[in-house]
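Observations on the model geometry
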Amino acid sequence: MAKAYNVIVVGAGPGGYVAAIRAAQLGYTVAVVEKRKELGGTCLNVGCIPSKALLESSEHYYRTKHELAVHGIDVEGVTLRFDVMQARREKVVAQTVEGIRYLFKKHKIEHLIGHGSFVDGETIEVTGDSGTELVTADHIILATGSEPVALPFAPFDEQRILSSTGALALTEVPKRLVVIGGGYIGLEMGSVYARLGCDVHVVELLDSIVPLMDKELSATLLKVLKKQGMSFHLSTKVTGIESSEEGVQVHTEGAKVTASTLAADCVLVAVGRKPLTTGLKLEAAGVVVDGRGFIEVDDRLRTSNPRVWAIGDVIRRGPMLAHKAEEEAVAVCERIDKQQPHVNYETIPGVIYTWPEVASVGKSEEELKAEGTAYKIGKFPFKASGRARAAEETEGFVKVLAAEADDRILGVHMIGPRCSDLIAEAVVAMEFCASAEDIARIVHAHPTFAEPFKEAALMATANRPIHL
Ligand code: NAI
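Summary of the structure given here. (Residues numbered from 1 in each chain as written. Predicted model: local features only at pLDDT ≥ 70, side-chain atom pairs only at ≥ 80, totals over all residues. Heavy atoms only, no water.)

Before going further, it helps to spend a moment on helix α13 (residues 451–462). Spanning 12 residues, α13 covers 16 Å between terminal C-alpha atoms, matching the ideal 16 Å at 1.5 Å per step. Regarding α13, the residues found buried are Glu-451, Pro-452, Phe-453, Glu-455, Ala-456, Ala-457, Leu-458, Met-459 and Ala-460. Elements in contact with the buried residues of α13: β20 (375–381), β21 (397–403), β22 (409–416), α11 (419–431) and α12 (436–440). Directly beyond the C-terminal end of α13, a positive phi value near 50 degrees is found at Asn-463. (Helix = DSSP H or I, 4+ residues; strand = E, 2+ residues; numbered from the N terminus. Expected span 1.5 Å × (residues − 1). Buried < 20%, exposed > 50% of the residue type's maximum accessible area, 1.4 Å probe, protein only. Contact = heavy atoms within 4.5 Å.)

The following block contains the structure:
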């Protein structure tokens, strides 16, 4: 007989494991079906966490080599131990994944290792190494995530043609790397290898990198990354990739240069991710997907089967970001518990962990123009910040966009030191419908990297910055 739970979650990434924990906190019996032996999904195992480990290490290497002399520190004989760097990445992942295992134990959540597929609207078949098992639940939450999109003519082999997973696991720093796609993954992994001495070429189809971001931000990021030695081929299409023992030949067609070939040791294809529902047998539960493979959900994140919910990358709503999935996870569990939670899709921050870091929340200038909203701009450069000068971190700015009509903050876009953390204040401000004047009148510790946000708000509200 099938074992019965209150809630079954399929997928143990940030969406799935958070759903499991919240459901357990609410007093439900919970099982998580996850095919990996390790918990944490893409983010913890082959995404956010390992990439941040390599970004951190590569930044130390780059700074030690290139940025210490100005502080009066001469360092000679700096050598790279890439094997140690990679072993540290694995250790960071193992510790993080172990943390989730501890939380599962604490909340008495069962991890059913195997591939989950629907038998009917309430029954899941779990197929693992030791055979198959049937489990049932009152509610099933689908959090199966996404997978990298391959180019039709270049399937991933993870040796020469890499997805983000392969790019994280290289055993040597390539001499030359072509990155296809100037989005989040391309720029973060491109930065890692560029800092380690690799000649990195980014090929982007559109005329700007991170095309959906505020254009001023992406233009500044492009300039900074070029200064760091990365090469960019914008408005350029990849027409073919030849792979051999020696390396890869990436054939491109650009707006200016008609046809060209980039030779490299390997190529990272980072042109987006697609929802992952393979083998779930959704039709057995009457769960519908749209034309692009996303699971269809209503406003409450319920699928076409009222007992089945879906969250995270596998649904079309919101960006494919771990923190969006986490909030949806909490909301779905609380809805199951008959509470009235809310996820504010207008205040989901996006961060690119290059250096300087890039972070955004709310509307871009382009979006405000397109919707015809009148807005004011306050923009304060980090070079006017004493703390930034003391840290030799003067690149970048904070831009506040506020409504002309009532001064309410509509968007905040920043590039500079520690923006991944600084954006949190902007998210709070927007969540509480702050005006630019509200921020301008709040005490900010001096000297900190947070002051430019206050100054930018001062500029937006009354055009009277103190330090500019
Ligand atoms: P992305 O959507 O961020 O960027 C893909 C880029 O590839 C776009 O600029 C697009 O114009 C370009 N492109 C598409 N087809 C192309 C082609 N044939 N040739 C050249 N360029 C092409 O996707 P990415 O970087 O693969 O990341 C996937 C997802 O993972 C994103 O949705 C992102 O939200 C998430 N992610 C988030 C991170 C973070 O929060 N820091 C880090 C890494 C990934």
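Here the narrative resumes, following the displayed structure.
Looking now at the side chain of Gln-86. With respect to the element layout, Gln-86 can be found in helix α4 (residues 82–106). Engagement of the side chain of Gln-86 in a polar contact is seen with the side chain of Arg-89, the distance being 2.6 Å. Filtering out sequence-adjacent residues up to four positions away, Gln-86 remains in contact with Leu-54, Leu-168, Ala-169, Leu-170 and Tyr-193. (Polar contact = N/O pair within 3.5 Å; in protein donor to acceptor, adjacent residues only side chain to side chain.)

For the rest of this paragraph, the subject is the packing of aromatic side chains. Summed over the entire model, instances satisfying the criterion amount to one aromatic pair. Centre to centre, the rings of Phe-82 and Tyr-193 are 6.2 Å apart; their planes meet at 65 degrees, and the pair counts as edge-to-face. In this pair, Phe-82 is assigned in helix α4 and Tyr-193 in helix α6 (residues 184–195), connecting sequence segments 111 residues apart. Neither Phe-82 nor Tyr-193 differs from the other in exposure class; each is buried. (Phe/Tyr/Trp six-rings, centres within 6.5 Å; stacked < 30°, edge-to-face > 60°.)

When two helices pack together, their arrangement is given by the angle between their axes and by how far apart the axes lie. Packing of helix α3 (residues 48–66) against α6 leaves a shortest axis separation of 9 Å and a crossing angle of 35 degrees. Here α3 runs over α6; the crossing is left-handed. In this structure, α3 uses Ser-51, Lys-52, Leu-54, Leu-55, Ser-58, Glu-59, Tyr-61 and Tyr-62 to contact α6, whose residues at the interface are Glu-188, Met-189, Ser-191, Val-192 and Arg-195. A per-class count over the contact of α3 with α6 returns six nonpolar, three polar and four charged. (Axes fitted to C-alpha atoms, helices over the stretch in contact; angles between N-to-C directions. Left-handed = near helix turned anticlockwise from the far one by under 90°. Nonpolar A, V, L, I, M, F, W, Y, C, P; charged D, E, K, R; others polar.)

The next point concerns the pairing of strand β1 (residues 3–10). Pairing of β1 with strand β6 (residues 131–142) involves seven bridges; the strand directions are parallel. Looking at the pairing, Ala-4 lines up with Thr-136 of β6. In the sheet, β1 pairs with strand β2 (residues 30–34) via four bridges, with the strands oriented parallel. Across the sheet, Val-7 pairs through a bridge with Val-30, a residue of β2. As for the winding sense of the linkage, the β-α-β connection from β1 through helix α1 (residues 14–25) to β2 is right-handed. (Pairing = 2+ DSSP bridges. Right-handed = clockwise from strand over helix to strand, strands pointing away.)

The next point concerns unusual backbone geometry. The omega angle of the peptide bond from Trp-355 to Pro-356 is 0 degrees, so this bond is cis rather than trans. Within the secondary structure, Pro-356 sits in the loop between β18 (350–352) and β19 (357–362). Following His-446, the chain continues into Pro-447 via a peptide bond in cis, with omega recorded as -5 degrees. Despite not being glycine, Ser-235 has its phi angle at roughly 45 degrees, a positive value.

Right, let's talk about the pattern of salt bridges for a bit. For the structure shown, the criterion picks out 23 salt bridges. For the salt bridge of Asp-199 with Arg-176, the shortest nitrogen-to-oxygen distance reads 2.9 Å. Of this pair, Asp-199 sits in strand β10 (residues 199–203) while Arg-176 sits in strand β9 (residues 176–180); the two residues are 23 residues apart in sequence, bridging distant segments of the chain. (Salt bridge = Lys/Arg side-chain N within 4 Å of Asp/Glu carboxyl O.)

So, about the nonpolar core. In this structure, Ile-8, Val-9, Ile-124, Ile-140, Ile-141 and Leu-142 are the most contacted members of the largest nonpolar core, which totals 52 residues. Per-element tally for this core: the top contributor is α1, with seven residues. Residues contacting Ile-140, with those up to four places away along its chain left out, are Ile-8, Val-10, Phe-118, Gly-121, Glu-122, Thr-123, Ile-124, Arg-307, Val-308 and Trp-309. Counting residues in each nonpolar core, the second largest holds 36 residues, with Ala-167, Tyr-193, Val-200 and Ile-209 among its members. (Core = buried A, V, L, I, M, F, W, Y, C linked by side-chain atoms within 4.5 Å.)

Let us now look at the site of the ligand. Inspection of the region around the ligand gives 22 residues, with Ile-185, Glu-188, Glu-204, Gly-272 and Val-351 positioned closest. Measuring from an oxygen atom of the ligand, one finds a backbone N or O atom of Gly-272 at 2.9 Å. Across the complex, the protein chains shield 79% of the 850 Å² of accessible surface that the ligand would expose by itself. The element best represented in the shell around the ligand is α6, accounting for four residues. Residue composition of the shell around the ligand, grouped by class: 14 nonpolar, five polar and three charged. (Near = heavy atom within 4 Å. Areas by Shrake-Rupley, 256 points an atom, 1.4 Å probe, with all protein chains shown as cover.)

Any functional reading would require information beyond the geometric quantities listed.
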